[in-house]
Amino acid sequence: MAIQKVGVVGCGLMGSGIAQVAAASGFQTVVREVNAALVEKGLTGIEKNLNRLVEKGTINEAVKVEIRGRLKGTTSIEDLKSCDLIIEAIIEQLPAKRELFAALDAICPPATIFASNTSSLTITEIATATKRSQRFVGLHFFNPVPVMKLVEVVRTIATDEVVYEEMVAFGTKLGKTPVRAKDSTGFIVNRLLVPYLLDAIRALEEGVGSIEDIDNSMKLGCGHPMGPLTLLDFVGLDTTYYISQIMFDEFKERRFAAPPLLKRMVLAGWNGRKSGRGFYDYTDPQKPKAMKF
Ligand code: 3HC
């Protein structure tokens, strides 16, 4: 079955990025949010991104109009039932995801493929909310979705081989490089990235280096586009804390345990760039200033 129409549930940071990339790759795309204001917010963000691409000359106005024409926002999950593939990018909570997929399972034809963009929950456990575990995969994208070239395509022990290969091919059609991963908590990227980010916080806690020096070390010494503490602020400290708890719960290994400083920053609401403060102060977003602890 060729995928022609893609549904995306959630039009936040990840959902809007996935919807933008799907529409830009030629797929009819329907993106659903819980209310009209959130649909509007998500679509406005996509519009801004597309305008920036026009300004830079990456695409022309006509292409922008075509992409926008393939993209429809909705608040109704009924509008997703004609989609060949539905990708979920809602809040990272198992009960919410299971509830959504059970509702979609009840209204979608048996052939529809379901995918979750979860970064740390178990795909198998989300899939069992439906009667179509064989047509269920993980499609894990990276922030910012229009820029990052990777998609992790995650299979469970129940995923049908043909469906899985179709999703790998879909990843390529989106212009991404798909990697194949088992349904193991954190998949490939977070399995490696989360201990690294947590170690950077531990290095800061132990006074190994300052915030700027830890970041510059990995940027200039290893060629990373962002240092680990900047990346933590970018991903969200609350998000990283949540993922680390799920991974620690699964593996019971210290490398996944949240350092006390991370916990305290999240308790204080210092969640990084989105909250204006994390390891850096973003009062002037163009010139973040390292915090003093
Ligand atoms: N949306 C669309 N395009 C964006 C963008 C966004 N949010 N942010 C940046 N861009 C584009 C810019 O327009 C620019 O495009 P151009 O080269 O065509 O002009 C390009 O990306 C580079 O942007 P900038 O010049 O503004 O800034 P940088 O060179 O510093 O790049 C970055 C920004 C791409 C975010 C880069 O710093 C980077 O790659 N950082 C690491 C990001 C990363 O590791 N992401 C993964 C996080 S982990 C995750 O998502 C998984 C989860 O489970 C935790």
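Attention here is on the structure that accompanies the text. (Residues numbered from 1 in each chain as written. Predicted model: local features only at pLDDT ≥ 70, side-chain atom pairs only at ≥ 80, totals over all residues. Heavy atoms only, no water.)

## Let's talk about the sheet that holds strand S8 (residues 177-182)
Across a sheet, paired strands are connected by hydrogen bonds in the backbone, their directions being either parallel or antiparallel. Just so we agree on the cut-off: Two strands form a pair only when DSSP identifies at least two bridges running between them. Helical segments are the DSSP runs of H or I of at least four residues, strand segments are the runs of E of at least two, and each set is numbered from the N terminus. What counts as an axis is a line fitted to C-alpha atoms, over the stretch in contact for a helix, and the angles between N-to-C directions run from 0 to 180 degrees. Two residues form a contact once any of their heavy atoms are found within 4.5 Å.
Spatial strand order, S3-S2-S1-S4-S5-S6-S7-S8: eight strands in an open sheet with mixed pairing. Two strands close off the open sheet at either side, each with one partner strand: strand S3 (71-74) and S8. Each neighbouring strand pair of the sheet contributes to a mean axis angle of 25°, computed without reference to strand direction. In this sheet, strand S4 (residues 85-88) lies alongside strand S1 (residues 5-9) in parallel orientation, the contact comprising four bridges. Considered in S4, the bridge of valine 8 is made with isoleucine 87. In the packing of helix H6 (residues 161-173) onto the sheet, the strands contacted are S1, S4, strand S5 (113-116), strand S6 (136-140), strand S7 (150-155) and S8, and the crossing angle to S8 comes to about 145°.

## So, helix H8 (residues 211-222)
Stated formally: Expected helix span is taken as 1.5 Å per residue step, with the number of steps being one fewer than the number of residues. Each residue gets one of three labels from its accessible area relative to the maximum for its type: buried under 20%, exposed over 50%, partly exposed in between, using a 1.4 Å probe on protein chains only. This arc is built from the directions going out from the helix axis to the C-beta atoms.
For H8, which comprises 12 residues, the first-to-last C-alpha distance of 16 Å matches the rise-based estimate of 16 Å (1.5 Å per residue) to within 8%. Burial in H8 covers these residues: Ile211, Ile214 and Asp215. Burial along H8 is one-sided: seen end-on, the buried residues are contained in an arc of 95°. For H8, the exposed residues set more than 90 degrees away from the buried face come down to Leu220 and Gly221. Positive backbone phi, approximately 75°, marks glycine 223, located one or two places after H8.

## Remarks on the packing of aromatic side chains
Applied cut-off: Any two rings among Phe, Tyr and Trp, with Trp reduced to its six-membered ring, count as a pair given centres within 6.5 Å; such a pair is stacked if its planes are under 30 degrees apart, edge-to-face if over 60, and tilted if neither. Throughout this description, the term charge over a ring refers to an Arg CZ or Lys NZ atom that lies within 6 Å of the ring centre and within 35 degrees of the ring normal.
Within this structure, the stated rule accounts for seven aromatic pairs. With a centroid separation of 6.2 Å and an interplanar angle of 35°, the aromatic rings of tryptophan 270 and phenylalanine 293 are classed as tilted. Residue tryptophan 270 is located in the loop between helix H11 (260-267) and strand S9 (280-281), and its partner phenylalanine 293 is located in the segment after strand S10 (289-290); the two are separated by 23 residues in the primary sequence. The rings of Phe101, Phe114 and Phe136 are connected pair by pair, giving a single aromatic cluster. If you follow arginine 155 out to its NZ or CZ, it ends over the ring of tyrosine 164, 5.4 Å from the centre.

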